[in-house]
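# Fold and geometry: a report
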Amino acid sequence: MFGVNRRAVACVALAWLLAGCSSPASPAGSQAPVFSDPASLAAVDLAGGGRLRVVATTSIVADVVAHVGGQAIEVSALIPPGVDPHAFEPTPQDLGRVAEAHLIFVNGFGLEAFLETMLVNAGGQAPVVSVSEGIPPRTLAEDEGAHDGAEIDPHTWLDPNNVLIWVDNIQMALTAVDPADASAFAQRADVYRAELRLLDDEIRQQVDTLPAADRLLVTDHAMFGYFADRYGFQVVGALLPGFSTAAESSAQQLAALEQAIARLGVRAVFVSAQIVPDLAQRLAEDTGVRVVMLPAHALTGPDGPAPDYLSLMRYTVAAIVDALRR
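Cut-offs used in this document
- Residues numbered from 1 in each chain as written.
- Predicted model: local features only at pLDDT ≥ 70, side-chain atom pairs only at ≥ 80, totals over all residues.
- Heavy atoms only, no water.
- Helix = DSSP H or I, 4+ residues; strand = E, 2+ residues; numbered from the N terminus.
- Contact = heavy atoms within 4.5 Å.
- Areas by Shrake-Rupley, 256 points an atom, 1.4 Å probe, with all protein chains shown as cover.
- Pairing = 2+ DSSP bridges.
- Axes fitted to C-alpha atoms, helices over the stretch in contact; angles between N-to-C directions.
- Salt bridge = Lys/Arg side-chain N within 4 Å of Asp/Glu carboxyl O.
- Buried < 20%, exposed > 50% of the residue type's maximum accessible area, 1.4 Å probe, protein only.
- Right-handed = clockwise from strand over helix to strand, strands pointing away.
- Core = buried A, V, L, I, M, F, W, Y, C linked by side-chain atoms within 4.5 Å.
- Phe/Tyr/Trp six-rings, centres within 6.5 Å; stacked < 30°, edge-to-face > 60°.
- Polar contact = N/O pair within 3.5 Å; in protein donor to acceptor, adjacent residues only side chain to side chain.

On to the overall build of the chain. Looking only at helices and strands, the chain has 11 helices and 10 strands in total. Taking as baseline every contact in the chain between residues at least 6 positions apart, the subset at least 24 positions apart corresponds to 68%. Looking at the chain as shown, the accessible area adds up to about 13600 Å², and 52% of this sits on carbon and sulfur atoms.

Written as C-alpha cells, this is what we have:
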C-alpha cells in the first residue's frame, strides 16, 4: 500500500514515538522543531491520490493540526471529545485508523501511555510526530509524586506559547510529507500563530484583574504547571500526586492539602470535566472551597463551551478568574 516498506516505516514510527514521548524535549530555549528521522516524512507516498490522512491522538492536537492543514488534509482524533487521555483505551477501529494513516501527531511528553503498544499492534506506515518537541519540559520531583525519578509534565497546551511550538512542528511535518501544499500550510500557520498571540494577550489581561495573592490553584492532578508559570499563579497542590489522573493519593497527602488550603485561603479546586470529582467533593465539604469543573484535557464537541482549542482556553481562564475573584 502506497509503495512504502511497512516494516521499515513501522520501526521508524516506533523509534520516533520513544524519542518524542518518553525522553526530554530539546534543550531549554530551543524553538526549532526537532524530529528523530525527517527522512521518514519524505518517504510517505501520496501517489494513491486523495487528501493526506492524518490521525491525532487528542481532540486538542487534532484541532491545531486542522487549522494548519486546512482542506489539504483529513484529520481525525483517536481520543473522542470529553474523554480523559490519561485513561483512554483504543478500540479495534482505532487500530484500523492508525494502520491507514499517512501521518500521526501525538501530544508527547508521555501523555499517550497507550500509543507504543498500539503502534506495534496496528502496524501501518505512518511516521509519528510529537507536537511538543522543542518545548522546555517541566518535571515533577519524587517528593511531589513522581515515580522512578523525574516525570515530564505533558500538559503543554495550557500555555498558548507552547502551542506556537506545536504549530511549528505541525507545519514542518505537513510540508515534508506534502511539499506541494507548503505555501498554504505556511499561510494558515501564520494566521493561527496570530490568533494564539492574541489569546495570550487576552489571558494576561484577564489574569491581571486578580491580585497576585489570589492566584492560587488547587487541582485534581498536576495539570496547570505551564499555565501557572506563564501567568503568575501559585500551584498550592493537587488531589492526586503526579501528572496523571491514574495516580492515587494517600490520607496524609490529602490532609496536608486541606491544611494548605486553610492556611492560604484558597477559594476553589479545579477539576477536569472528564474525571468523576469524588475527592474534590470531599475536599469541598471539609474545607468549604468551591468545586469548578473545566474541560482542560479535551474539547467538548460542537455544542459545548470548548469546541476548539481557542474556546477551551478562553472558557478555562474565565472560569478560573471568576472562581478566584473576591
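Positive phi is not limited to glycine here, since phenylalanine 109 has a value of about 60°. If you trace the backbone, phenylalanine 109 turns up in the loop between strand S3 (103-106) and helix H5 (115-122).

Spatial ordering of the open sheet is given by S2-S1-S3-S4, a layout of 4 strands whose pairing is parallel. Pairing within the sheet leaves two strands with one partner each, and these edge strands are strand S2 (73-77) and strand S4 (128-130). Direction aside, neighbouring strands of the sheet carry axes that sit 25° apart on average. Summarising the sheet, strand S1 (residues 52-56) and S3 pair through 3 bridges and their orientation is parallel. Paired with valine 54 across the two strands is leucine 103, which belongs to S3. Each of S1, S2 and S3 is contacted by helix H3 (residues 59-69), which is oriented at about 170° to S2, the strand it contacts most.

Okay, the pattern of salt bridges next. One pass over the structure, following the stated rule, counts 9 salt bridges. Where aspartate 153 meets arginine 138, a salt bridge forms, and the shortest distance between an N and an O atom there is 3.0 Å. Here arginine 138 lies in the loop between S4 and strand S5 (139-140) and aspartate 153 lies in the loop between strand S6 (151-152) and helix H6 (160-177), a separation of 15 residues in the sequence. The partly exposed category is assigned to arginine 138, whose relative accessible area is 24%. Put simply, aspartate 229 and arginine 138 hold a salt bridge, and the shortest N to O gap is 2.9 Å. With a gap of 91 residues between them, aspartate 229 in helix H8 (residues 225-231) and arginine 138 in the loop between S4 and S5 connect regions that are remote in the sequence. With relative accessibility at 56%, the residue aspartate 229 sits in the exposed group. Linked by salt bridges that have partners in common, Arg138, Asp153 and Asp229 make up one network.

Our next topic: the pairing of S1. In terms of burial, S1 is largely enclosed, as 4 of its 5 residues are buried. Of the pairings in the sheet, the one linking S1 to S2 comprises 5 bridges and is parallel in character. Across the sheet, the residue bridging to valine 55 is serine 76, located in S2. With H3 bridging S1 and its parallel neighbour S2, the resulting β-α-β unit is right-handed.

This part is about the nonpolar core. Phe105, Trp166, Leu174, Phe227, Phe233 and Tyr309 are the most contacted members of the largest nonpolar core, which has 65 residues in total. Sort the elements by how many residues they give to this core and helix H11 (residues 309-324) lands first, with 10 residues. In this structure phenylalanine 227 touches Leu158, Ile203, Leu217, Phe233, Met313, Val317 and Ile320, once residues within four positions along its chain are discounted.

Burial of strand S9 (residues 268-272) is extensive: 5 of the 5 residues sit out of reach of the surface. The alternating pattern of S9 places Ala268, Phe270 and Ser272 on one face and Val269 and Val271 on the opposite face, and all of these are buried. Inspection of the sheet shows S9 paired to strand S10 (residues 290-294) by 5 bridges, in the parallel sense. Bridging from a neighbouring strand, phenylalanine 270 pairs with valine 292 of S10.

As a further point, take the packing of aromatic side chains. With the rule as written, the count across this model stands at 4 aromatic pairs. When the ring of phenylalanine 88 is compared with that of phenylalanine 114, the centres are 4.9 Å apart and the planes differ by 70°; the resulting orientation is edge-to-face. On the criterion of sequence distance, the pair formed by phenylalanine 88 in the loop between S2 and helix H4 (92-100) and phenylalanine 114 in the loop between S3 and H5 is long-range, its members being 26 residues apart. Classification of phenylalanine 88 by relative accessible area gives buried; the value is 10%. Between phenylalanine 227 and phenylalanine 233, the aromatic rings sit 5.2 Å apart at their centres with planes inclined by 35°, giving tilted as the arrangement. For the pair shown, phenylalanine 227 and phenylalanine 233 are each scored as buried. Cluster of aromatic residues (ring-pair linked, three or more members): Phe224, Phe227, Tyr231 and Phe233.

Take the side chain of threonine 219 next. Here threonine 219 shows up in strand S7 (residues 216-219). Within the structure, the side chain of threonine 219 is placed 2.6 Å from the backbone oxygen of histidine 221, a separation counted as a polar contact. Once you skip the residues sitting within four places of it in the chain, threonine 219 turns out to touch Phe224, Gly237, Ala238, Leu239, Val269 and Phe270.

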